[in-house]
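The residues making up each chain are set out below.
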Amino acid sequence: MDRTQKHHGRLAIPAKEGKLVSMGGFGVKFKISGDETNRAFSIVEHAVQPRTLVPPHLHHDTDEYSYVVEGQFGARIGDEILLAGPGDYILKPRGIPHTFWNPTDKVARLVEIISPAGFEKFFAVARLVEIISPAGFEKFFAEAGELFTQGPPEVERVGALAAKYNTTLGWNEWVSELTKKYKLKLFG
């Protein structure tokens, strides 16, 4: 097999290429899938509307590395709060609750590297058998985007979907604290 076949013919990804989904103020543009990297990593771009907060969450088996392209981002990772601008990186290690937001009045964009692209867990009927199949965390965004096509979904539905991808939503006290302090609204 030649290298072009191994990479599905995508050795260059144009800036405009990639499926885009919107999750109520939080956009996801799919750039490189875990299938293309043998599940080593995936890359998505996030456009975050002004004053929008992404719900606090924790990945049990995935690290996220964000590169700020445009605007500014605030982030809370564990007990640390930071502000990052163009050219800065934000590291969100697995096992540590985190969130991020756009504290400005302009759209902000970042590139997110998700590593490893991961595995999703499916539970068979009656949850008696656990089956592990290859599918990256980036696929959470695709499914969540579907939930948002009918308007903001119930938080419980998003939480159940996140759990499917070994991610926990929570830390609601952060939401009230951050929305008040930075004049934000929760995405959705």
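Before any of the text, the structure's been laid out above.
The structure displayed is predicted, hence computed values, not measured ones.

1. Looking at the layout of surface pockets
Point 1. In this model, the largest pocket occupies a volume close to 240 Å³.
Point 2. Every residue lining the largest pocket is counted, 14 residues in all, and those nearest its centre are Pro55, Val155, Leu169, Leu186 and Phe187.
Point 3. If you list the elements that add at least two residues to the lining of the largest pocket, you get helix H3 (155-164) and helix H4 (172-182).
Point 4. By residue class, the composition of the lining of the largest pocket is 11 nonpolar, 3 polar and no charged.

2. As for unusual backbone geometry
Point 1. Residue proline 116 is bonded to the preceding serine 115 through a cis peptide linkage, with omega at -15°.
Point 2. For proline 116, the location among the structural elements is in the loop between strand E11 (108-115) and strand E12 (119-123).
Point 3. You will see that arginine 39, though not glycine, has its phi angle at about 65°, which is positive.
Point 4. In this structure, lysine 183 takes a positive phi of about 55° despite not being glycine.
Point 5. On the secondary structure map, lysine 183 appears in the loop between H4 and strand E15 (185-186).
Point 6. You can call lysine 183 exposed: its relative accessible area is 64%.

3. Here's the deal with the side chain of aspartate 63
Point 1. Looking at the secondary structure, you find aspartate 63 in strand E6 (residues 63-70).
Point 2. A polar atom in the side chain of aspartate 63 sits 2.7 Å from the backbone nitrogen of arginine 94.
Point 3. Filtering out sequence-adjacent residues up to four positions away, aspartate 63 remains in contact with Lys92, Pro93, Arg94, Ile113, Ile114 and Ser115.

Cut-offs applied
- Residues numbered from 1 in each chain as written.
- Predicted model: local features only at pLDDT ≥ 70, side-chain atom pairs only at ≥ 80, totals over all residues.
- Heavy atoms only, no water.
- 1 Å grid on protein atoms, 1.4 Å probe; cavity = no way out; pocket = protein on both sides within 12 Å on 5 of 7 lines; lining within 4 Å.
- Points joined across faces, edges and corners; volume = space filled by probe spheres on them.
- Helix = DSSP H or I, 4+ residues; strand = E, 2+ residues; numbered from the N terminus.
- Nonpolar A, V, L, I, M, F, W, Y, C, P; charged D, E, K, R; others polar.
- Buried < 20%, exposed > 50% of the residue type's maximum accessible area, 1.4 Å probe, protein only.
- Polar contact = N/O pair within 3.5 Å; in protein donor to acceptor, adjacent residues only side chain to side chain.
- Contact = heavy atoms within 4.5 Å.

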